[in-house]
Amino acid sequence: DSPQGEYGIVDANIVDCFGSGYCNYGCPYGKKLSALDTTLPRAQREFGPDAVQIYSECMVQRVRPHTSNGSGPTGSTIECRLGDGRRLEVIAKTVVIAAGALGSSLVLQRSGLGGDRVGKGLGFNMGAPMTGEFPERLDAYDGLQISHYLRPPGDEGLIVEAWFNPGGAQSLFMPGWFGEHFENMRRYPYMASAGSVVGTRPNATVRPGFRGRGMKLSYVPHPDDLKRLVSGLELIGRIYLAAGAKRVMPPTFSFMAIDREADLTRISTAVRDNSDITIHSSHPQGGNALSRDPRKGVVDETFALHGQRGVYVCDASVFPAPITVNPQLTVMALADYASQTISA
(Lines give C-alpha, C1' and ligand atoms only; values in the text may rest on other atoms or scores of the structure.)
Protein backbone atom coordinates (compact mmCIF):
# COMPACT_ATOMS: atom_id res chain seq x y z
CA ASP A 1 0.00 0.00 0.00
CA SER A 2 1.04 3.62 -0.53
CA PRO A 3 -0.51 7.11 -0.55
CA GLN A 4 -1.15 6.47 -4.26
CA GLY A 5 -3.15 3.32 -3.50
CA GLU A 6 -2.67 -0.42 -3.66
CA TYR A 7 -0.93 -1.75 -6.75
CA GLY A 8 0.83 -4.87 -7.97
CA ILE A 9 0.90 -7.73 -10.42
CA VAL A 10 -2.42 -9.37 -11.24
CA ASP A 11 -2.76 -12.93 -9.96
CA ALA A 12 -3.69 -14.87 -13.09
CA ASN A 13 -5.11 -18.38 -13.06
CA ILE A 14 -2.49 -19.75 -15.46
CA VAL A 15 0.52 -22.05 -15.59
CA ASP A 16 3.54 -22.01 -17.95
CA CYS A 17 2.06 -19.09 -19.92
CA PHE A 18 3.48 -18.42 -23.41
CA GLY A 19 2.33 -14.79 -23.32
CA SER A 20 0.34 -14.94 -26.56
CA GLY A 21 -2.17 -12.36 -25.28
CA TYR A 22 -5.21 -14.29 -26.50
CA CYS A 23 -6.60 -14.70 -22.97
CA ASN A 24 -10.12 -13.47 -23.73
CA TYR A 25 -10.55 -15.89 -26.61
CA GLY A 26 -9.75 -18.95 -24.54
CA CYS A 27 -6.08 -19.88 -24.42
CA PRO A 28 -5.19 -21.83 -27.59
CA TYR A 29 -2.42 -23.58 -25.63
CA GLY A 30 -4.53 -24.72 -22.68
CA LYS A 31 -2.49 -22.74 -20.14
CA LYS A 32 -5.48 -21.19 -18.37
CA LEU A 33 -6.52 -23.35 -15.42
CA SER A 34 -10.15 -23.27 -16.51
CA ALA A 35 -12.87 -25.74 -15.61
CA LEU A 36 -12.51 -27.21 -19.12
CA ASP A 37 -8.83 -28.00 -18.56
CA THR A 38 -8.82 -28.84 -14.85
CA THR A 39 -12.07 -29.27 -12.93
CA LEU A 40 -14.05 -31.39 -15.39
CA PRO A 41 -11.20 -33.79 -16.26
CA ARG A 42 -10.39 -34.14 -12.54
CA ALA A 43 -14.02 -34.91 -11.73
CA GLN A 44 -14.13 -37.63 -14.37
CA ARG A 45 -10.86 -39.13 -13.13
CA GLU A 46 -12.02 -39.21 -9.51
CA PHE A 47 -15.66 -40.24 -9.99
CA GLY A 48 -15.60 -41.90 -13.40
CA PRO A 49 -17.14 -40.90 -16.76
CA ASP A 50 -20.45 -42.56 -15.85
CA ALA A 51 -20.85 -40.36 -12.77
CA VAL A 52 -19.73 -37.15 -14.51
CA GLN A 53 -21.19 -36.92 -17.99
CA ILE A 54 -20.43 -33.80 -20.04
CA TYR A 55 -22.63 -32.62 -22.92
CA SER A 56 -21.47 -29.77 -25.12
CA GLU A 57 -23.95 -27.40 -26.79
CA CYS A 58 -26.64 -28.52 -24.35
CA MET A 59 -29.29 -25.86 -23.67
CA VAL A 60 -31.31 -26.20 -20.46
CA GLN A 61 -34.82 -25.20 -21.38
CA ARG A 62 -36.46 -25.58 -18.02
CA VAL A 63 -36.35 -27.34 -14.65
CA ARG A 64 -39.57 -29.07 -13.65
CA PRO A 65 -39.79 -30.06 -9.95
CA HIS A 66 -41.81 -33.17 -9.09
CA THR A 67 -44.45 -33.35 -6.37
CA SER A 68 -45.72 -36.36 -4.50
CA ASN A 69 -48.91 -36.51 -2.41
CA GLY A 70 -48.66 -32.81 -1.65
CA SER A 71 -45.53 -33.35 0.45
CA GLY A 72 -43.30 -31.15 -1.70
CA PRO A 73 -40.77 -31.82 -4.46
CA THR A 74 -39.11 -35.23 -4.52
CA GLY A 75 -36.80 -34.44 -7.42
CA SER A 76 -36.77 -32.61 -10.71
CA THR A 77 -36.68 -33.21 -14.42
CA ILE A 78 -34.28 -31.01 -16.38
CA GLU A 79 -35.45 -30.57 -19.96
CA CYS A 80 -32.63 -29.86 -22.40
CA ARG A 81 -32.02 -29.56 -26.12
CA LEU A 82 -28.73 -30.56 -27.72
CA GLY A 83 -27.04 -28.62 -30.50
CA ASP A 84 -28.17 -31.13 -33.15
CA GLY A 85 -31.82 -30.73 -32.11
CA ARG A 86 -32.17 -33.87 -29.99
CA ARG A 87 -33.98 -33.60 -26.68
CA LEU A 88 -32.44 -34.72 -23.41
CA GLU A 89 -34.14 -35.18 -20.05
CA VAL A 90 -32.23 -35.59 -16.81
CA ILE A 91 -34.03 -36.72 -13.66
CA ALA A 92 -32.30 -35.81 -10.44
CA LYS A 93 -33.06 -35.61 -6.73
CA THR A 94 -30.94 -32.45 -6.40
CA VAL A 95 -30.44 -29.76 -9.04
CA VAL A 96 -27.75 -27.07 -8.86
CA ILE A 97 -28.22 -24.29 -11.42
CA ALA A 98 -24.87 -22.68 -12.24
CA ALA A 99 -25.39 -21.10 -15.65
CA GLY A 100 -23.86 -17.73 -14.76
CA ALA A 101 -25.48 -14.46 -13.81
CA LEU A 102 -27.43 -14.24 -17.06
CA GLY A 103 -28.12 -17.90 -17.81
CA SER A 104 -29.29 -18.90 -14.34
CA SER A 105 -31.90 -16.15 -14.29
CA LEU A 106 -33.18 -17.21 -17.72
CA VAL A 107 -33.41 -20.88 -16.69
CA LEU A 108 -35.37 -19.96 -13.56
CA GLN A 109 -37.69 -17.62 -15.45
CA ARG A 110 -38.41 -20.18 -18.18
CA SER A 111 -39.12 -22.70 -15.41
CA GLY A 112 -41.41 -20.40 -13.46
CA LEU A 113 -39.21 -20.76 -10.38
CA GLY A 114 -37.77 -18.28 -7.89
CA GLY A 115 -40.48 -15.63 -7.84
CA ASP A 116 -40.62 -12.16 -9.29
CA ARG A 117 -37.16 -11.12 -8.04
CA VAL A 118 -35.38 -13.43 -10.50
CA GLY A 119 -33.32 -11.48 -13.04
CA LYS A 120 -33.44 -8.23 -11.07
CA GLY A 121 -30.58 -6.47 -9.29
CA LEU A 122 -28.05 -7.38 -11.98
CA GLY A 123 -24.77 -5.47 -12.20
CA PHE A 124 -21.44 -5.58 -14.02
CA ASN A 125 -17.82 -4.65 -13.95
CA MET A 126 -18.04 -1.73 -16.39
CA GLY A 127 -14.85 -0.63 -18.09
CA ALA A 128 -13.37 1.79 -20.58
CA PRO A 129 -9.75 1.92 -21.84
CA MET A 130 -7.42 4.91 -22.01
CA THR A 131 -4.81 4.62 -24.75
CA GLY A 132 -1.42 6.29 -24.55
CA GLU A 133 1.16 6.73 -27.30
CA PHE A 134 4.81 6.67 -26.26
CA PRO A 135 7.95 7.70 -28.17
CA GLU A 136 9.59 4.29 -27.72
CA ARG A 137 8.35 0.99 -29.10
CA LEU A 138 6.51 -0.97 -26.39
CA ASP A 139 5.03 -4.03 -28.15
CA ALA A 140 2.46 -4.14 -25.34
CA TYR A 141 0.58 -6.93 -27.14
CA ASP A 142 3.51 -9.30 -26.51
CA GLY A 143 2.45 -10.84 -23.22
CA LEU A 144 -0.48 -11.17 -20.84
CA GLN A 145 -3.63 -9.28 -21.71
CA ILE A 146 -3.92 -7.94 -18.14
CA SER A 147 -0.72 -7.72 -16.11
CA HIS A 148 -0.89 -5.00 -13.38
CA TYR A 149 -3.53 -3.27 -11.30
CA LEU A 150 -3.96 -0.14 -9.22
CA ARG A 151 -6.68 0.39 -6.64
CA PRO A 152 -6.81 4.16 -5.97
CA PRO A 153 -7.16 5.19 -2.33
CA GLY A 154 -10.57 6.22 -1.07
CA ASP A 155 -12.67 4.45 -3.71
CA GLU A 156 -13.45 0.78 -3.19
CA GLY A 157 -15.51 0.62 -6.38
CA LEU A 158 -12.81 1.69 -8.87
CA ILE A 159 -9.79 -0.21 -10.13
CA VAL A 160 -7.28 0.43 -12.92
CA GLU A 161 -5.87 -2.49 -14.92
CA ALA A 162 -3.13 -2.55 -17.54
CA TRP A 163 -4.89 -3.93 -20.60
CA PHE A 164 -3.77 -4.72 -24.14
CA ASN A 165 -4.76 -7.15 -26.90
CA PRO A 166 -3.57 -8.55 -30.21
CA GLY A 167 -4.24 -6.21 -33.14
CA GLY A 168 -7.72 -7.32 -34.18
CA ALA A 169 -9.23 -7.00 -30.72
CA GLN A 170 -7.36 -3.81 -29.82
CA SER A 171 -8.55 -2.14 -33.01
CA LEU A 172 -12.13 -2.35 -31.72
CA PHE A 173 -11.21 -0.02 -28.86
CA MET A 174 -8.64 2.15 -30.62
CA PRO A 175 -9.81 5.78 -30.49
CA GLY A 176 -10.49 7.70 -33.67
CA TRP A 177 -12.52 7.26 -36.82
CA PHE A 178 -11.48 6.48 -40.39
CA GLY A 179 -8.18 8.22 -41.09
CA GLU A 180 -7.47 8.92 -37.42
CA HIS A 181 -8.14 5.29 -36.55
CA PHE A 182 -5.93 4.13 -39.43
CA GLU A 183 -3.02 6.32 -38.32
CA ASN A 184 -3.44 5.25 -34.70
CA MET A 185 -3.27 1.58 -35.69
CA ARG A 186 -0.07 2.31 -37.61
CA ARG A 187 1.36 3.42 -34.25
CA TYR A 188 0.01 0.30 -32.50
CA PRO A 189 3.45 -1.00 -31.34
CA TYR A 190 4.04 2.32 -29.54
CA MET A 191 0.74 2.21 -27.67
CA ALA A 192 -0.13 1.22 -24.13
CA SER A 193 -3.60 0.93 -22.67
CA ALA A 194 -5.18 0.62 -19.25
CA GLY A 195 -8.79 0.19 -18.28
CA SER A 196 -10.85 2.13 -15.76
CA VAL A 197 -13.11 -0.50 -14.18
CA VAL A 198 -16.13 0.24 -11.98
CA GLY A 199 -18.40 -2.14 -10.12
CA THR A 200 -21.81 -0.83 -11.13
CA ARG A 201 -24.96 -0.44 -9.15
CA PRO A 202 -27.23 -3.48 -9.40
CA ASN A 203 -29.81 -1.69 -11.53
CA ALA A 204 -30.00 -4.00 -14.56
CA THR A 205 -32.58 -6.67 -15.35
CA VAL A 206 -32.59 -9.72 -17.60
CA ARG A 207 -35.48 -11.79 -18.91
CA PRO A 208 -36.15 -14.18 -21.79
CA GLY A 209 -36.59 -12.67 -25.22
CA PHE A 210 -39.51 -12.99 -27.63
CA ARG A 211 -41.20 -16.38 -27.28
CA GLY A 212 -38.57 -17.41 -24.76
CA ARG A 213 -35.70 -17.18 -27.23
CA GLY A 214 -32.50 -15.35 -26.39
CA MET A 215 -32.69 -12.69 -23.73
CA LYS A 216 -33.71 -9.12 -23.10
CA LEU A 217 -31.09 -7.24 -21.10
CA SER A 218 -32.06 -3.80 -19.81
CA TYR A 219 -29.33 -1.56 -18.45
CA VAL A 220 -28.42 2.12 -18.41
CA PRO A 221 -25.30 3.15 -16.44
CA HIS A 222 -26.06 5.20 -13.35
CA PRO A 223 -24.63 8.76 -13.67
CA ASP A 224 -22.49 8.27 -10.55
CA ASP A 225 -20.98 5.07 -11.97
CA LEU A 226 -20.19 6.88 -15.20
CA LYS A 227 -18.60 9.72 -13.24
CA ARG A 228 -16.34 7.29 -11.40
CA LEU A 229 -15.40 5.63 -14.67
CA VAL A 230 -14.32 8.99 -16.11
CA SER A 231 -12.33 9.79 -12.98
CA GLY A 232 -10.42 6.56 -13.55
CA LEU A 233 -9.68 7.56 -17.14
CA GLU A 234 -8.34 10.91 -15.97
CA LEU A 235 -6.12 9.13 -13.44
CA ILE A 236 -4.71 6.87 -16.16
CA GLY A 237 -4.09 9.92 -18.32
CA ARG A 238 -2.08 11.58 -15.54
CA ILE A 239 -0.03 8.42 -15.02
CA TYR A 240 0.74 8.00 -18.72
CA LEU A 241 1.67 11.64 -19.27
CA ALA A 242 3.91 11.56 -16.20
CA ALA A 243 5.55 8.41 -17.61
CA GLY A 244 6.45 10.22 -20.83
CA ALA A 245 3.51 9.57 -23.12
CA LYS A 246 3.32 11.90 -26.11
CA ARG A 247 -0.48 11.93 -25.86
CA VAL A 248 -3.38 10.04 -24.35
CA MET A 249 -6.67 9.23 -26.05
CA PRO A 250 -9.86 8.42 -24.14
CA PRO A 251 -12.54 6.24 -25.82
CA THR A 252 -14.91 9.15 -26.39
CA PHE A 253 -16.97 9.12 -29.57
CA SER A 254 -15.71 12.62 -30.27
CA PHE A 255 -12.01 11.92 -30.82
CA MET A 256 -9.60 13.81 -28.61
CA ALA A 257 -5.84 13.54 -28.16
CA ILE A 258 -4.57 15.11 -24.94
CA ASP A 259 -0.91 16.00 -24.37
CA ARG A 260 -1.23 18.14 -21.20
CA GLU A 261 -2.47 17.10 -17.78
CA ALA A 262 -4.50 20.30 -17.47
CA ASP A 263 -6.59 19.27 -20.49
CA LEU A 264 -7.73 15.95 -19.00
CA THR A 265 -10.83 17.69 -17.63
CA ARG A 266 -12.08 17.80 -21.23
CA ILE A 267 -13.09 14.17 -20.79
CA SER A 268 -15.71 14.83 -18.10
CA THR A 269 -17.02 17.75 -20.16
CA ALA A 270 -17.39 15.55 -23.24
CA VAL A 271 -19.04 12.60 -21.46
CA ARG A 272 -22.59 13.67 -20.64
CA ASP A 273 -24.00 10.14 -20.67
CA ASN A 274 -23.12 6.65 -21.92
CA SER A 275 -23.80 7.62 -25.54
CA ASP A 276 -20.66 9.80 -25.52
CA ILE A 277 -18.15 7.08 -24.69
CA THR A 278 -17.28 3.51 -25.65
CA ILE A 279 -17.76 1.30 -22.62
CA HIS A 280 -17.88 -2.43 -22.17
CA SER A 281 -19.17 -4.69 -19.45
CA SER A 282 -17.79 -7.94 -18.12
CA HIS A 283 -18.38 -10.36 -15.28
CA PRO A 284 -22.15 -9.94 -14.84
CA GLN A 285 -23.11 -10.49 -11.22
CA GLY A 286 -26.43 -10.62 -9.41
CA GLY A 287 -29.96 -11.32 -10.55
CA ASN A 288 -30.70 -14.02 -7.95
CA ALA A 289 -29.44 -12.42 -4.78
CA LEU A 290 -28.72 -14.53 -1.72
CA SER A 291 -30.65 -13.43 1.35
CA ARG A 292 -32.23 -15.08 4.35
CA ASP A 293 -35.21 -12.83 3.73
CA PRO A 294 -37.32 -14.01 0.74
CA ARG A 295 -38.45 -10.43 0.23
CA LYS A 296 -34.87 -9.44 -0.58
CA GLY A 297 -33.42 -12.49 -2.30
CA VAL A 298 -34.09 -15.46 -4.55
CA VAL A 299 -32.02 -18.05 -2.65
CA ASP A 300 -31.51 -18.54 1.09
CA GLU A 301 -28.25 -18.94 3.00
CA THR A 302 -28.05 -22.61 1.93
CA PHE A 303 -28.27 -21.53 -1.77
CA ALA A 304 -31.70 -23.18 -2.07
CA LEU A 305 -34.54 -21.39 -3.83
CA HIS A 306 -36.90 -19.86 -1.27
CA GLY A 307 -39.87 -22.17 -0.88
CA GLN A 308 -38.46 -24.84 -3.20
CA ARG A 309 -36.74 -27.98 -1.95
CA GLY A 310 -34.06 -29.65 -4.03
CA VAL A 311 -33.23 -26.76 -6.39
CA TYR A 312 -30.15 -24.64 -5.71
CA VAL A 313 -28.34 -21.78 -7.43
CA CYS A 314 -24.60 -21.34 -7.02
CA ASP A 315 -22.77 -18.89 -9.27
CA ALA A 316 -22.22 -15.13 -9.62
CA SER A 317 -25.97 -14.57 -9.90
CA VAL A 318 -26.34 -14.87 -6.11
CA PHE A 319 -24.11 -11.81 -5.50
CA PRO A 320 -26.06 -8.90 -4.01
CA ALA A 321 -23.84 -6.44 -5.94
CA PRO A 322 -20.75 -6.50 -8.21
CA ILE A 323 -17.32 -6.68 -6.56
CA THR A 324 -15.41 -4.66 -9.25
CA VAL A 325 -12.72 -7.28 -9.93
CA ASN A 326 -12.89 -10.64 -11.70
CA PRO A 327 -15.13 -12.72 -9.39
CA GLN A 328 -13.66 -16.13 -10.25
CA LEU A 329 -12.12 -16.80 -6.82
CA THR A 330 -15.25 -15.54 -5.07
CA VAL A 331 -17.47 -17.86 -7.13
CA MET A 332 -15.15 -20.79 -6.44
CA ALA A 333 -15.17 -20.01 -2.71
CA LEU A 334 -18.97 -19.86 -2.73
CA ALA A 335 -19.14 -23.19 -4.56
CA ASP A 336 -16.84 -24.79 -2.00
CA TYR A 337 -18.94 -23.38 0.83
CA ALA A 338 -22.21 -24.43 -0.81
CA SER A 339 -20.96 -27.98 -1.37
CA GLN A 340 -20.91 -28.45 2.39
CA THR A 341 -24.63 -27.69 2.71
CA ILE A 342 -26.11 -29.12 -0.50
CA SER A 343 -27.18 -32.71 -0.08
CA ALA A 344 -27.29 -34.91 -3.18
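The structure we're discussing is the one just above.
First, a word on scope: everything that follows refers to the structure included in this document. Residue numbering note: each chain is counted from 1, following its sequence as written. Totals for whole chains, interfaces and linings use all residues, but because this is a predicted model, local features are given only for residues with pLDDT of at least 70 and pairs of side-chain atoms are given and counted only at 80 or more. Computation of side-chain values covers all heavy atoms of the structure but excludes hydrogens and water.

Examined against the element boundaries, Gln170 turns out to sit in helix H3 (residues 167-171). A residue is classified by how much of its surface remains accessible, and Gln170, at 2% relative accessible area, is buried. In this structure the side chain of Gln170 is engaged in a polar contact, spanning 2.9 Å, whose partner is the backbone nitrogen of Asn165. Each helix is a run of DSSP H or I of at least 4 residues and each strand a run of E of at least 2, with the numbering of both proceeding from the N terminus. Classification of residues uses two cut-offs on accessible area relative to the type maximum, computed with a 1.4 Å probe and protein chains only: under 20% is buried, over 50% is exposed, and between them is partly exposed. Pairing of N or O atoms within 3.5 Å defines a polar contact, subject to two protein rules: one partner must be a possible hydrogen donor and the other a possible acceptor, and residues neighboring in sequence count only if both atoms are side-chain atoms.

What follows concerns empty space enclosed by the protein. Points on a 1 Å grid over protein atoms alone make up a cavity when a 1.4 Å probe fits among them but cannot get out, and a pocket when they form an open set with protein on both sides within 12 Å along at least five of seven lines; lining residues each have an atom within 4 Å of a point. Grid points are joined across faces, edges and corners, and a volume is the space filled by probe spheres set on the points. Taken as a whole and judged by the stated rule, the model has one cavity of 30 Å³ or more. Looking at the largest cavity, its volume works out to about 100 Å³. Cys17, Gly19, Ser20, Cys23 and Cys27 are the residues nearest the centre of the largest cavity, which is lined by 13 residues in total. In this count, Pro and Cys sit with the nonpolar residues alongside Ala, Val, Leu, Ile, Met, Phe, Trp and Tyr, while Asp, Glu, Lys and Arg are called charged and the others, Gly among them, polar. Of the residues contributing to the lining of the largest cavity, the split by class is eight nonpolar, three polar and two charged.

Attention now moves to the pairing of strand S6 (residues 120-133). Most of S6 is tucked away: twelve of the 14 residues are buried. A strand pair is defined by DSSP finding two or more bridges across the two strands. Relative to strand S13 (residues 280-287), S6 runs antiparallel, the two being bridged by six bridges. Note on S13: the bridge partner recorded for Gly127 is His280. Where S6 lies against strand S9 (residues 191-199), nine bridges are found, and the strand directions are antiparallel. When the bridges of S9 are listed, Glu133 appears paired with Met191. Sheet topology note: the S6/strand S12 (residues 247-249) ladder contains three bridges and is antiparallel.

What follows is about a nonpolar patch on the surface. A patch consists of residues exposed above 30% relative accessible area that lack any salt bridge, with like charges linked at up to 9 Å and nonpolar side chains (Val, Leu, Ile, Met, Phe, Trp, Tyr) linked at up to 5 Å. Accessible areas in this description were obtained via Shrake-Rupley with a 1.4 Å probe; residue shielding takes into account the shown protein chains only. What makes a salt bridge here is a side-chain nitrogen of Lys or Arg within 4 Å of a carboxyl oxygen of Asp or Glu, nothing more. Where nonpolar side chains cluster on the molecular surface, the patch consists of Trp177, Phe178 and Phe253 and spans about 410 Å² of accessible area. Positionally, Phe178 belongs in the loop between H3 and helix H4 (179-186).

Let us look at the packing of aromatic side chains. For Phe, Tyr and Trp, where Trp contributes only its six-membered ring, two rings pair if their centres lie within 6.5 Å, and the inter-plane angle classes them as stacked under 30 degrees, edge-to-face over 60, or tilted in between. Across all of its chains, the model carries eight aromatic pairs by this definition. Ring centres 5.2 Å apart and planes at 90 degrees place the aromatic pair Trp163 and Phe173 in the edge-to-face group. With Trp163 in strand S8 (residues 158-163) and Phe173 in the loop between H3 and H4, the pair connects residues that are ten residues apart, well separated along the chain. Residue classification places Phe173 among the partly exposed residues on the basis of a relative accessible area of 22%. A connected cluster of aromatic rings, assembled from ring pairs, spans Tyr141, Phe164 and Tyr188. One Lys or Arg, Arg187, reaches over the ring of Tyr190 and ends 4.2 Å from the middle of that ring. Criterion for a charge above a ring: Lys NZ or Arg CZ within 6 Å of the ring centre, and within 35 degrees of the ring normal.

This paragraph deals with helix H5 (residues 223-242). Taking 1.5 Å of rise per residue, 20 residues should cover 28 Å, and H5 covers 29 Å from first to last C-alpha, within 8% of that figure. Buried within H5 are the following residues: Asp225, Leu226, Leu229, Val230, Gly232, Leu233, Glu234, Leu235, Ile236, Gly237, Tyr240 and Leu241. Of the residues one or two after H5, Gly244 is the one with positive phi, at around 105 degrees. Helices are assigned an expected span. That span is 1.5 Å times one less than the residue count.

Most of strand S3 (residues 76-82) is tucked away: six of the seven residues are buried. In terms of strand pairing, strand S2 (residues 58-65) meets S3 through seven bridges, oriented antiparallel. When the sheet's bridge partners are listed, Cys58 is paired in S3 with Leu82.

This part covers the pattern of salt bridges. As enumerated under the stated definition, the model contains 17 salt bridges in all. Residue Glu79 is joined to Arg62 by a salt bridge in which the shortest nitrogen-to-oxygen separation is 3.0 Å. Of the two residues, Glu79 sits in strand S3 while Arg62 sits in strand S2, which places them 17 residues apart along the sequence. The partner of Glu183 in a salt bridge is Arg186, with the nearest N and O atoms 3.6 Å apart. In this pair, Glu183 and Arg186 both sit in helix H4, three residues apart, roughly one turn of the helix. Through salt bridges with shared partners, a single ionic network connects Glu133, Arg187, Lys246 and Arg247.

This next bit is on the environment of Phe18. Examined against the element boundaries, Phe18 turns out to sit in the loop between strand S1 (6-9) and helix H1 (35-47). Judged by relative accessible area, Phe18 falls into the exposed class, the value being 57%. Taking the C-alpha atoms as reference, Phe18 lies 8.1 Å from Lys31; in sequence the two are 13 residues apart. We call two residues in contact when some of their heavy atoms are within 4.5 Å. If near-sequence neighbours (up to four positions away) are discounted, Phe18 is found in contact with Tyr29 and Lys31.

Here the focus is the side chain of Gln145. By the element assignment, Gln145 lies in the loop between S6 and strand S7 (146-151). A distance of 2.8 Å separates the side chain of Gln145 from the side chain of Asn165, its partner in a polar contact. Not counting residues within four places of it along the chain, the set of residues in contact with Gln145 comprises Gly21, Cys23, Asn24, Ala162, Trp163, Phe164 and Asn165.

It is worth spelling out the nonpolar core at this point. Only buried residues count toward a nonpolar core, which is a set of Ala, Val, Leu, Ile, Met, Phe, Trp, Tyr and Cys residues joined through side-chain atoms within 4.5 Å. Of all hydrophobic cores here, the largest spans 26 residues; its most connected members are Tyr240, Val248 and Ile267. Taken together, the elements giving at least two residues each to this core come down to S6, S8, S9 and H5. No other element matches the eight residues that H5 contributes to this core. Residues in contact with Val248, not counting those within four places in the same chain, are Met130, Thr131, Gly132, Gly237, Tyr240, Leu241, Met256, Ala257, Ile258 and Leu264.

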